[in-house]
Amino acid sequence: MQVIRLTIAYDGTAFAGWQVQPDRPTVQSVLQAALADLTGEPTSVLAASRTDAGVHALGQVASFRTNATIPPDRWPDALRSRLPHDIVVLESRSAPPEFHPTYDARRKRYRYLIRRTRYDDPFVSRYAWRIEQPLDIEAMRAALPALLGTHDFRCFESHWPNKATSVRTMFDARLDELPRWTGWSAGAISRRASGTAPDAPSRSPILPAEFLAFEIAGDGFLYNMVRSIVGTLVKIGLSDWPPDRLAEIITRQDRAQAGPTAPPHGLYLVRVEYDE
């Protein structure tokens, strides 16, 4: 029997999260059904993160055991026709027998996208939280250092306690401004920048920073933790709270003191890292 490790991307819009649920489509149930159809054997798939309903993944890591003789690197091709368009296996490899994608993970990185605009957009509305009020980006950035290091993050955990401990270590927290990709813009795309040769690639004009991308990396996360942090940062960005409110919330360890839970559709599991 071999252990196969997968890297998976998925659009979480149509799914009730990762974990199998009765009478509701989930990423785990769809993937397990595809593997069973391919191998002819019942298959249980483990994952690094049990993402919630509506949450997306760019680099979810999962594993399963199988008696199938498919080479370790050929599973993306073998599964392609058996999976819906919103689940894609990006990579597969052999893993040691003791590998566990959840317990062996050393670092996870999440990203949350906010779109700053007055009007909604059917092409991106499922992938970013739209906020039409102005946000003080520098105030939001000034609050971020309070997240770094080892803290009890129960103030950002829904329905505490969900874990044996709510202490986690955050390694990185940042807020970047991003332009919209010109392919989704109704404006004309410049074919050629002035002064370039005829065969030179086209260059897109510089666009305003329509999106905010909050990224955070840590050794683990609590239930709804990232979305609660984002809701708190937005309160700071709206000037409802000063930047040092974030540090106070962590010190008080009271979920009621923190901001609201941001919607799930702006959240992405970006990457899971292991000791390789």
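Definitions and limits used
Residues numbered from 1 in each chain as written. Predicted model: local features only at pLDDT ≥ 70, side-chain atom pairs only at ≥ 80, totals over all residues. Heavy atoms only, no water. Core = buried A, V, L, I, M, F, W, Y, C linked by side-chain atoms within 4.5 Å. Buried < 20%, exposed > 50% of the residue type's maximum accessible area, 1.4 Å probe, protein only. Helix = DSSP H or I, 4+ residues; strand = E, 2+ residues; numbered from the N terminus. Phe/Tyr/Trp six-rings, centres within 6.5 Å; stacked < 30°, edge-to-face > 60°. Lys NZ or Arg CZ within 6 Å of the ring centre and 35° of its normal. Patch = residues over 30% accessible without salt bridge, like charges linked within 9 Å, V, L, I, M, F, W, Y side chains within 5 Å. Areas by Shrake-Rupley, 256 points an atom, 1.4 Å probe, with all protein chains shown as cover. Salt bridge = Lys/Arg side-chain N within 4 Å of Asp/Glu carboxyl O. Expected span 1.5 Å × (residues − 1). Polar contact = N/O pair within 3.5 Å; in protein donor to acceptor, adjacent residues only side chain to side chain. Contact = heavy atoms within 4.5 Å.

> Mind showing me how you'd approach the nonpolar core here?
If you look at the biggest cluster of nonpolar residues, it comprises 70 residues, and the most contacted ones within it are Leu 147, Phe 156, Phe 214 and Ile 216. Sort the elements by how many residues they give to this core and helix H4 (residues 225-237) lands first, with seven residues. Ranked by size, the runner-up nonpolar core spans six residues in total, among them Leu 113, Ala 128, Ala 213 and Tyr 268.

> Sorry if this is basic, but what is going on with the packing of aromatic side chains here?
For any pair of aromatic rings, geometry is given as the distance between the ring centres together with the angle between the planes. In this structure the tally under the stated criterion is eight aromatic pairs. Members of the aromatic cluster, each reached through a chain of ring pairs, are Phe 123, Trp 181 and Trp 184. Positioned above the aromatic ring of Trp 241, the side-chain terminus of Lys 235 is 5.1 Å from the ring centre. One Lys or Arg, Arg 245, reaches over the ring of Trp 241 and ends 3.9 Å from the middle of that ring.

> Where do I start with unusual backbone geometry in this structure?
Working note: non-glycine residues mostly have negative phi, and peptide bonds are mostly trans. Its identity is not glycine, yet Asp 23 carries a phi of approximately 60 degrees, on the positive side. By secondary structure assignment, the location of Asp 23 is in the loop between strand S1 (2-10) and helix H1 (27-39). Phi is positive for Asn 224, which is not a glycine, with a value near 65 degrees. Position of Asn 224 relative to the elements: it lies in the loop between strand S9 (211-218) and H4. On the basis of relative accessible area, Asn 224 is assigned to the buried category, the value being 13%.

> What's the story with a nonpolar patch on the surface in this structure? I'm lost.
The grouping of Phe 123, Trp 181 and Trp 184 at the surface amounts to a nonpolar patch, some 410 Å² of accessible area in total. Take Trp 184: it is sitting in the loop between strand S8 (167-178) and S9. Judged by its relative accessible area of 43%, Trp 184 falls in the partly exposed class.

> Help me understand H4 in this model?
Structurally, the α-helix is built with 3.6 residues per turn, so residues lying three or four positions apart point the same way. End to end, H4 covers 18 Å across 13 residues, agreeing with the expected 18 Å (1.5 Å per residue, within 8%). In terms of burial, H4 is a largely internal element, twelve of the 13 residues being buried. For H4, every residue scored as buried is listed here: Met 225, Val 226, Arg 227, Ser 228, Ile 229, Val 230, Gly 231, Thr 232, Leu 233, Val 234, Ile 236 and Gly 237. After H4 finishes, the residue Ser 239 shows a positive phi value of roughly 65 degrees.

> Looking at this model, I keep getting lost on the pattern of salt bridges. Mind explaining?
Side chains that differ in charge, positive against negative, can pair when their charged atoms come close. Considering all chains together, one arrives at 23 salt bridges under this definition. The partner of Arg 116 in a salt bridge is Glu 177, and the shortest N-O contact between them spans 3.0 Å. With Arg 116 in strand S5 (residues 107-116) and Glu 177 in strand S8, this pair connects stretches of sequence that are 61 residues apart. Glu 177 sits in the partly exposed class, given a relative accessible area of 36%.

> Can you help me understand the side chain of Asp 121 in this one?
By the secondary structure assignment, Asp 121 is in the loop between S5 and strand S6 (129-131). On the basis of relative accessible area, Asp 121 is assigned to the buried category, the value being 11%. In this structure the side chain of Asp 121 is engaged in a polar contact, spanning 2.8 Å, whose partner is the backbone nitrogen of Phe 123. A polar side-chain atom of Asp 121 sits 2.9 Å from a polar atom in the side chain of Arg 180. For Asp 121, the contacting residues outside a window of four places in its chain are Arg 115 and Arg 180.

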